[in-house]
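Residue-level structure breakdown
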Amino acid sequence: MNRTGSLIERGSLIERDRASLWHPYAPASGTLPLWEVEGAHGVRLRLRDEHGERFEVLDAMSSWWSVIHGYRNPLLDAAAKRQLADFSHVMFGGLTHGPAVELAERLLAMVPSAPDRPALERVFLADSGSVSVEVALKLAVQFQTAAGRPKRQRFLSLRGGYHGDTFAAMGVCDPVDGMHSAFPGLLAANVFAPRPPAVATATAEDIEHWRAGLEELAARHSDELAAIIAEPVLQGAGGMFAYPAECVRILREIADRHGLLLILDEIATGFGRTGELFAADHAGVVPDILCVGKALTGGYLSLAAMICTGEVARAVSAGAAGALLHGPTFMGNPLACAVANASLGIITTGAWRSDVARVGAALASGLAPARELDGVADVRTIGAVGVIELEDAVDVPAVTQAAIRNGVWVRPFRNLVYAMPPYISSAAETEAMAAGMVAAVAAVSHERVGAR
Ligand SMILES: *Cc1c(COP(=O)(O)O)cnc(C)c1O
């Protein structure tokens, strides 16, 4: 294509995409199937495939956990328009604005708290979840240095965890399933504890065995560890794996005993998804540092936050550096903050609790028939998350295509076909999502059985 190429020369949107863009975890060769989004409203996407065929599908993914209140939500649309009429961006160095202050106050009013723990008091606004994790890890190291323990520069993380794609975040992701082998010289050598036992089958002995192993690792490495980092109760992108709340309490106790900060990554689980406002609330645990993102703006704009206790904030501010050493260009973007305030306003009504219960119940009953299918290893739900785990890796293009033909958008990974629908999904819509997933898994497993 030349610079003045006409629309006709340029070909279809999907062809132009294939000639010019990268997609997540994808080759540039552009052979993977791709659908054009022509519109989105409520819980529905209007898709067009490369042959021009159109599909209206229910979005079982909430655009990667984020669109909890649905597409074109009137309250979020109005908040964005109001803020656009004021200003959509100003730098955050030396300046402040209403949307950021309101957002910090809203977040601090809803994060986990307990009478016997230092309160989360200070918010750092970041532009994505991965960046908020980077900032959390930096802050933990700066805290230990300020406290006179400069050798504490490593992290204790759980196997099966996922914390983002930037370098420090990758370094605390699962060392096998994460991207450690691709960047061996660049990722910090962190300490990994076994994954906690699965919530569905964990016995008291399993939990005690896991606790003892964690305690041993923390004790052995305590003089070089700055913090423990974990996704509480539900590991998301690392395998949609739920573990007992008791294990989050154990993380808290062990962190305290060995002078480590506890960083809880609630980028996926925050704002009600697991059935409590934060997954840490299942355990009654208050972290020293909390990361939130994904659903923060209801999926409208990229925004995340790192929230820490006053104690940590004061120690770092009084340290030699005299500051938290981070400051992105688009920090505290007013447009994103304004939409986040509208989204948290909806959360604050408390309707999420019955929404998540309704969606979770419809997923549980709707996905149950998958248990009878060939090649299905497990079916589970937690909060408004439903998972079909297969015995083998999913044929992603085949399952995606079959699901679309059954009216549902899913994005399987590894051996998992899962749903985390928008909270506004009705019981009937959620049941239709589950039915579409079951039909897609059945169609692909029949093909496979037939091909044998
Ligand atoms: C998605 C996710 C991240 C990374 O967030 P991005 O906004 O994609 O950078 C980090 N931690 C968890 C638990 C996540 O689910």
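Since the structure is predicted, the reported quantities are computational estimates derived from the model, not experimental observations.

Focus: helix 9 (residues 245–257)
Its 13 residues give helix 9 an end-to-end C-alpha distance of 19 Å, which sits within 8% of 18 Å, the value for a rise of 1.5 Å per residue. Residues of helix 9 that are buried: Ala245, Cys247, Val248, Ile250, Leu251, Arg252, Ile254 and Ala255. The elements touched by buried residues of helix 9 are strand 5 (154–158), helix 8 (204–221), strand 7 (225–230) and strand 10 (261–265). Taken from the residues just after helix 9, Gly259 is the one with a positive phi, measuring 70°.

Digging into the site of the ligand
Within the structure, the ligand sits among Ser128, Gly129, Ser130, Tyr162, His163, Gly164, Glu231, Asp265, Ile267, Ala268 and Lys294. In this structure, Ser130 approaches the ligand through a side-chain N or O atom, which is 2.6 Å from an oxygen atom. Side-chain polar atom of Lys294 to an oxygen atom of the ligand: 2.6 Å apart, as the coordinates give it. Relative to its free-state accessible area of 380 Å², the ligand is covered by the protein chains to the extent of 82%. Taken together, the residues that form the shell around the ligand break down as three nonpolar, five polar and three charged.

Quick word on the sheet that holds strand 3 (residues 54–59)
Taken together, the four strands give an open sheet; going across it, the order is 1-2-3-15, and neighbouring strands pair in mixed fashion. Across the chains shown, the open sheet's two edge strands, defined by having one partner strand only, are strand 1 (36–41) and strand 15 (408–409). Sheet topology places strand 1 next to strand 2 (residues 44–48); five bridges connect them, and they run antiparallel. Bridged to Ala40 within strand 2 is Leu45.

Some points on the sheet that holds strand 10
Reading across from one edge, 4-12-11-10-7-5-6 is the order of the seven strands in this open sheet, with mixed pairing throughout. Edge strands, defined here as strands with exactly one partner in the open sheet, are strand 4 (120–126) and strand 6 (191–193). The average undirected angle you get between the axes of adjacent strands in this sheet is 20°. Note that strand 10 and strand 11 (residues 289–292) share three bridges and pair parallel. Paired with Asp265 across the strands is Cys291, a residue of strand 11. Those strands touched by helix 5 (residues 98–110) are strand 4, strand 11 and strand 12 (304–309), and its axis lies near 135° from that of strand 4. Running over the sheet, helix 10 (residues 310–318) touches strand 4, strand 10 and strand 12 and is turned about 90° from strand 12.

Re the UniProt feature "binding site: pyridoxal 5'-phosphate" (unreviewed entry) in the protein chain
Here the UniProt-annotated "binding site: pyridoxal 5'-phosphate" (unreviewed entry) positions come out as Gly129, Ser130, Asp265, Pro328 and Thr329. Considering the C-alpha atoms alone, the annotated residues occupy 201 residues of sequence and remain spread out, their largest mutual distance being 23.0 Å. Looking at the secondary structure, you find Gly129 in helix 6 (residues 129–146). Under the relative-accessibility criterion, Gly129 is labelled buried at 17%. Its location among the elements puts Asp265 in strand 10.

With respect to the domain arrangement of the protein chain
One can read the domain layout of the protein chain as domain 1 (13–62 + 351–450) and domain 2 (78–349). Relative to domain 2, the C-alpha centre of domain 1 lies at a distance of 28 Å. Taken together, the contact between domain 1 and domain 2 spans 19 residues of the former and 23 residues of the latter. Carbon and sulfur atoms make up 56% of the area that domain 1 and domain 2 hide from each other, which totals about 1600 Å². With its nearest N and O atoms 3.3 Å apart, the salt bridge here joins Asp177 to Arg414.

Section: the UniProt feature "binding site: substrate" (unreviewed entry) in the protein chain
According to UniProt, the "binding site: substrate" (unreviewed entry) feature falls on Trp64, Tyr162, Lys294, Gly327 and Arg411. Across 348 residues, the annotated set is spatially dispersed, with a maximum C-alpha separation of 33.1 Å. Tracing the sequence through the fold places Trp64 in helix 3 (residues 62–65). With residues near it in sequence (within four places) discarded, Trp64 still touches Pro24, Lys294, Arg411 and Tyr418. Mapped onto the secondary structure, Arg411 falls in the loop between strand 15 and strand 16 (416–419). The exposure class of Arg411 is partly exposed, given its relative accessible area of 34%. Beyond its immediate sequence surroundings of up to four residues, Arg411 is in contact with Met61, Trp64, Val396 and Tyr418.

Digging into the state of the cysteines
Counted according to the given criterion, the structure contains zero disulfides. Here Cys308 stays unpaired: no disulfide links it, and the sulfur of Cys291, its closest cysteine neighbor, is 10 Å away.

Details of the packing of helix 5 against helix 11 (residues 334–348)
For the pair helix 5 and helix 11, interaxial distance at closest approach is 8 Å and the crossing angle is 35°. As for the relative orientation of helix 5 and helix 11, their crossing is left-handed in sense. Judged by residue contacts, Pro99, Ala100, Glu102, Leu103, Arg106, Leu107 and Met110 of helix 5 engage Pro334, Cys337, Ala338, Ala340, Asn341, Leu344, Gly345, Ile347 and Thr348 from helix 11.

Overview of the packing of aromatic side chains
Applying the stated criterion to the full structure yields four aromatic pairs. Seen from their ring centres, Trp35 and Trp409 are 5.9 Å apart, and the 70° between their planes marks the pair as edge-to-face. On the criterion of sequence distance, the pair formed by Trp35 in the loop between helix 2 (13–20) and strand 1 and Trp409 in strand 15 is long-range, its members being 374 residues apart. Judged by its relative accessible area of 16%, Trp35 is buried. Taking 5.5 Å as the distance between ring centres and 80° as the angle between the ring planes, the aromatic pair formed by Phe167 and Phe183 counts as edge-to-face. In this pair, Phe167 sits in helix 7 (residues 167–172) while Phe183 sits in the loop between helix 7 and strand 6, placing the two residues 16 residues apart along the sequence. Relative accessible area serves as the criterion here: at 43%, Phe167 is assigned to the partly exposed category. The ring of Phe241 has Arg195 lying over it, and the distance from NZ or CZ to the ring centre is 4.1 Å.

Reading guide: rules and limits
Residues numbered from 1 in each chain as written. Predicted model: local features only at pLDDT ≥ 70, side-chain atom pairs only at ≥ 80, totals over all residues. Heavy atoms only, no water. Helix = DSSP H or I, 4+ residues; strand = E, 2+ residues; numbered from the N terminus. Expected span 1.5 Å × (residues − 1). Buried < 20%, exposed > 50% of the residue type's maximum accessible area, 1.4 Å probe, protein only. Contact = heavy atoms within 4.5 Å. Near = heavy atom within 4 Å. Polar contact = N/O pair within 3.5 Å; in protein donor to acceptor, adjacent residues only side chain to side chain. Areas by Shrake-Rupley, 256 points an atom, 1.4 Å probe, with all protein chains shown as cover. Nonpolar A, V, L, I, M, F, W, Y, C, P; charged D, E, K, R; others polar. Pairing = 2+ DSSP bridges. Axes fitted to C-alpha atoms, helices over the stretch in contact; angles between N-to-C directions. UniProt positions renumbered as here; feature names shortened; annotations may be inferred. Domains from an automatic or database assignment. Buried area = accessible area lost by both parts, 1.4 Å probe. Salt bridge = Lys/Arg side-chain N within 4 Å of Asp/Glu carboxyl O. Disulfide = S-S within 2.5 Å. Left-handed = near helix turned anticlockwise from the far one by under 90°. Phe/Tyr/Trp six-rings, centres within 6.5 Å; stacked < 30°, edge-to-face > 60°. Lys NZ or Arg CZ within 6 Å of the ring centre and 35° of its normal.

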